[in-house]
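# Examining the three-dimensional arrangement
Next come the chains, spelled out residue by residue.
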Amino acid sequence: MKTSSVFEDPVISKSSNMMMKGRNKVLATSFMMQTLEAAAIKRNPYTIFHQALENCEPVIGLVPILRGGHLYQVPVLLADWRRHFLAMKWMITECTEKHWRMLMPERSLHELLEAFHNQGTMIKKYDMNKMTEAIHALAHYCWC
Amino acid sequence: MAAPCVFWGTAVSYRLFLGGRVSLALRQGVWKAAAAELQILRLRHTTGVTAKKNVAALKRETYTVDFIKKQIEEFNIGKRHLANMMGEDPETFTQEDIDRAIAYLFPSGLFEKQARPIMKHPEQIFPKQRAIQWGEDGRPFHFLFYTGKQSYYSLMHEAYGKLLDVEKRQNQLQAKGLFSEKTKTKDLIGSRWLIKEELEEMLVEKLSDQDYAQFIRLLERLLTVECSAEEEEFVQRFRRSVTVQSRKQLIEPLQYDGQGMAFSTSEGKRKSAKAEAIVYEHGSGRIKVNGIDYLLYFPVTQDREQLMFPFHFLDRLGKHDVTCTVSGGGRSSQAGAIRLAMAKALCSFVTEEEVEWMRQAGLLTADPRVRERKKPGQEGARRKFTWKKR
């Protein structure tokens, strides 16, 4: 059951749950805590985390819609929970796939700080470029 | 039961008719023929009866007023007999006594409660039906009969009429200059509006959602305006009381041990873990779980946060000593069970308002989440087998 303690944050616990593998919550939470401790040098780690995720969030997403036997990728405005989920998911996949010779907390810290300053691979990779092309093509197919 | 009697009657009269016409000598043959005719008649009439019954079954069964009156008389007589059988006073034999007597005399092992034998007042068994709405000449009694929902529209008319009266009275008062803006706070907390099904039952008519919403809006408008006692009574007819949820919480009584220290015990459960906690009134925030300090028993921060939650919520972090025993479940469920036990025990040291806050925070409700079973045809509770195209 959820606690409402001062030390608990829903976003942090959600992302540490998503990072978890093989029912090992202890390890996931330890990674999260180490990342936050390292980020706490300059300013409040929670604000860094929230700001970084907000910068990574996509505004529009491509949704496959079946019309007349063809699957069209229609651009659709995403809901709040979908945006938060996608940001967290991309962040975690970035950190795991980079294959740097760095431990997980260091990698995630690096990504967080880059996203916080609106630089880095996260922002570049999931930019609106693909989306804008799709919009031009299917703007008049707005079934949403 | 009427139809079979009818056909027997006709058969008998036919037989007599036959017998009357023919002479004695041929009587045997006549009787045989009559018997054969009877059989044919019987067959014909049974088919007729079944055909008739099917058509009637499609419509609603209409119970006449006399029929229901007779049923009520039978019920009352039966109630007195039952009271005599059970050796109790027939004058003071309530419905609960009837239910108990029937359960005693006709024990049934059926699981479905509604399939067991019941003896209730006919008004509860037979659905309410309207008497015939028109006279002998075919003219309906009520002036709104042709709207289709006469009782609903007449009710709306009544309510709106009351509203107009109230407004007229207010205008008169304002003209005289005696108008005082009083806003009465009525007791709307412990009651709720009638739901659509209840209203339908009351009016014995089918309503649509929009009709119901319109009616409730009208009543609420009546409530906002200052109205007299009879109008309030009219509105109160459409309100039902609701049990206030917070007063259901059982607060454990305080106990005192040898040294005069007050403590209270309670239990908690989560998944398959069961815990019992003893919370002492004065202490320094030490928690002992199964004789071991909580720091050593729960090395994970998350579990200790769970234990801390009730105290942190009430700002009593270092003020109580706790001793608890826990068994079953895993690490997380044991922590949840202890949390529930501690919260329940804390209720006795705390004001009622704070108990209500705790209940709203979800501290006093047992977590109903249990492991979902694996279903056949699927790999797990939700996961299906890998879909292969061929």
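Residues numbered from 1 in each chain as written. Chains lettered and ligands numbered in written order. Predicted model: local features only at pLDDT ≥ 70, side-chain atom pairs only at ≥ 80, totals over all residues. Heavy atoms only, no water.

Let us now look at the overall build of chain A. The helix and strand inventory of chain A stands at 7 helices and 2 strands. In chain A, buried positions account for 34% of the 144 residues. Across chain A, the fraction of contacts at a sequence separation of at least 24, relative to all contacts at a separation of at least 6, is 59%. (Helix = DSSP H or I, 4+ residues; strand = E, 2+ residues; numbered from the N terminus. Buried < 20%, exposed > 50% of the residue type's maximum accessible area, 1.4 Å probe, protein only. Contact = heavy atoms within 4.5 Å.)

Okay, the sheet that holds strand β3 (residues 255–256) of chain B next. All names here are of chain B. One open sheet accounts for 6 strands, arranged β3-β4-β5-β8-β6-β7; its pairing is mixed. Because the sheet does not close on itself, it has two edges, and the strands there are β3 and β7 (292–293). Packing of helix α12 (residues 331–346) onto the sheet brings it into contact with β4 (262–270), β5 (273–280), β6 (287–289) and β8 (321–327), and relative to β4 it is tilted by some 140°. (Pairing = 2+ DSSP bridges. Axes fitted to C-alpha atoms, helices over the stretch in contact; angles between N-to-C directions.)

Residues and elements named next belong to chain A. For the structure on display, the rule yields 0 disulfides over all chains. Between C56, a free cysteine, and C95, which holds the nearest cysteine sulfur, the sulfur-to-sulfur gap is 9.7 Å. On the accessibility criterion, C56 (7% relative accessible area) is buried. (Disulfide = S-S within 2.5 Å.)

All names here are of chain B. Summarising the sheet, β3 and β4 pair through 2 bridges and their orientation is antiparallel. Considered in β4, the bridge of Y256 is made with A262. Between the end of β3 and the start of β4, which pair antiparallel, lie 5 residues, with G260 showing a positive phi angle near 85°. In this structure, β4 lies alongside β5, joined through 8 bridges in antiparallel fashion. Of the residues in β5, the one forming a bridge with F263 is Y280. Counting the residues between successive antiparallel strands, the hairpin from β4 to β5 contains 2 residues, one of them, K271, with a positive phi of roughly 55°.

Before going further, it helps to spend a moment on the nonpolar core. Among the nonpolar cores identified, the biggest contains 30 residues, and V322 and I338 of chain B are the most heavily contacted of them. Looking at this core, the elements that each hand over two or more residues are β5, β6, α11 (301–313), β8, α12 and α13 (352–361) of chain B. I12, L36, M104 and M122 of chain A belong to the second-largest nonpolar core, a separate cluster that totals 24 residues. (Core = buried A, V, L, I, M, F, W, Y, C linked by side-chain atoms within 4.5 Å.)

All names here are of chain B. With respect to the helices and strands, E205 occurs in the loop between α7 (196–203) and α8 (209–224). Polar contacts involving the side chain of E205 include one to the main-chain amide nitrogen of Q150, which spans 2.9 Å. Here S151 takes part through its side chain, which lies 2.9 Å from a polar atom of the side chain of E205. Aside from chain neighbours lying at most four places away, what touches E205 is R130, G148, K149, Q150, S151, Y152 and E200. (Polar contact = N/O pair within 3.5 Å; in protein donor to acceptor, adjacent residues only side chain to side chain.)

The subject of this paragraph is the pattern of salt bridges. Residues and elements named next belong to chain B. A complete count under the given rule lists 19 salt bridges over all chains for this structure. K120 serves as the salt-bridge partner of D99, at 3.8 Å between the closest nitrogen and oxygen. Residue D99 is found in helix α4 (residues 95–105), and its partner K120 is found in the loop between α4 and α5 (122–125); the two are separated by 21 residues along the sequence. Relative accessible area serves as the criterion here: at 31%, D99 is assigned to the partly exposed category. The class of K120 is partly exposed, set by a relative accessible area of 27%. Each of R192, E198 and R240 takes part in one network of salt bridges that share partners. (Salt bridge = Lys/Arg side-chain N within 4 Å of Asp/Glu carboxyl O.)

Before going further, it helps to spend a moment on a nonpolar patch on the surface. Residue and element names in this part refer to chain B. Taken together, the side chains of M85, Y104, L105 and F106 present a nonpolar region at the surface, about 480 Å² in accessible area. Structurally, the position occupied by F106 is in the loop between α4 and α5. The partly exposed category is assigned to F106, whose relative accessible area is 48%. (Patch = residues over 30% accessible without salt bridge, like charges linked within 9 Å, V, L, I, M, F, W, Y side chains within 5 Å. Areas by Shrake-Rupley, 256 points an atom, 1.4 Å probe, with all protein chains shown as cover.)

Once that is clear, we can look at the pairing of strand β2 (residues 70–77) of chain A. Residues and elements named next belong to chain A. With 8 bridges joining them, strand β1 (residues 60–67) and β2 adopt antiparallel strand pairing. Pairing of L66 across the sheet is with L71, part of β2. Hairpin geometry of β1 and β2 is characterised by an intervening segment of 2 residues between the two adjacent antiparallel strands and by a positive phi of about 60° at G68.

Once that is clear, we can look at the packing of aromatic side chains. Residues and elements named next belong to chain B. Within this structure, the stated rule accounts for 11 aromatic pairs over all chains. Cluster of aromatic residues (ring-pair linked, three or more members): Y63, F67 and F126. The aromatic ring of F234 is capped on one face by K162, whose charged end is 4.7 Å from the ring centroid. The residue whose ring lies beneath R239 is W193, and the NZ or CZ to ring-centre distance is 4.4 Å. (Phe/Tyr/Trp six-rings, centres within 6.5 Å; stacked < 30°, edge-to-face > 60°. Lys NZ or Arg CZ within 6 Å of the ring centre and 35° of its normal.)

We now examine the environment of V166 of chain B. Residues and elements named next belong to chain B. Structurally, V166 can be placed in helix α6 (residues 150–176). Sequence separation of V166 and E226 is 60 residues, and the distance between their C-alpha atoms is 7.5 Å. In this structure, V166 is in contact with V225, E226, C227 and E231, ignoring residues within four places of it in sequence.

On to the packing of helix α1 (residues 10–19) of chain A against helix α3 (residues 45–56) of chain A, then. All names here are of chain A. Here α1 crosses α3 at 65°, and the two axes come no closer than 10 Å. What the angle tells us is that α1 and α3 run roughly perpendicular. Once α1 is placed against α3, the crossing between them reads as left-handed. Contacts between α1 and α3 involve V11, I12 and S15 on the former and, on the latter, Y46, F49, H50 and L53. In terms of residue class, the contact of α1 with α3 is built from 5 nonpolar, 2 polar and no charged. (Parallel < 35°, antiparallel > 145°, perpendicular 65-115°, else oblique. Left-handed = near helix turned anticlockwise from the far one by under 90°. Nonpolar A, V, L, I, M, F, W, Y, C, P; charged D, E, K, R; others polar.)

The next point concerns α6 of chain B. With 27 residues, α6 of chain B extends 39 Å between its outermost C-alpha atoms, agreeing within 8% with the 39 Å of an ideal straight helix rising 1.5 Å per residue. Listed in full, the buried residues belonging to α6 of chain B are Q150, S151, Y152, L155, M156, A159, K162, L163 and V166 of chain B. (Expected span 1.5 Å × (residues − 1).)

What follows is about the confidence of the model for chain B. A low pLDDT score tells you not to read the predicted coordinates there in detail. Residues and elements named next belong to chain B. Residues of chain B with pLDDT of at least 70 account for 81%, and the chain-wide mean is 81. Within chain B, β8 carries the highest mean pLDDT (93), whereas helix α1 (residues 2–21) carries the lowest (43). Counting interchain partners and residues more than four positions distant, the pLDDT-below-50 stretch residues 1–20 has 17 contacts. Predicted confidence for residues 43–53 stays below pLDDT 50, and this span has 3 contacts to residues more than four positions away or in other chains. Interface predicted TM-score (ipTM) for the complex: 0.80; the corresponding pTM is 0.62. (pLDDT = per-residue confidence, 0-100.)

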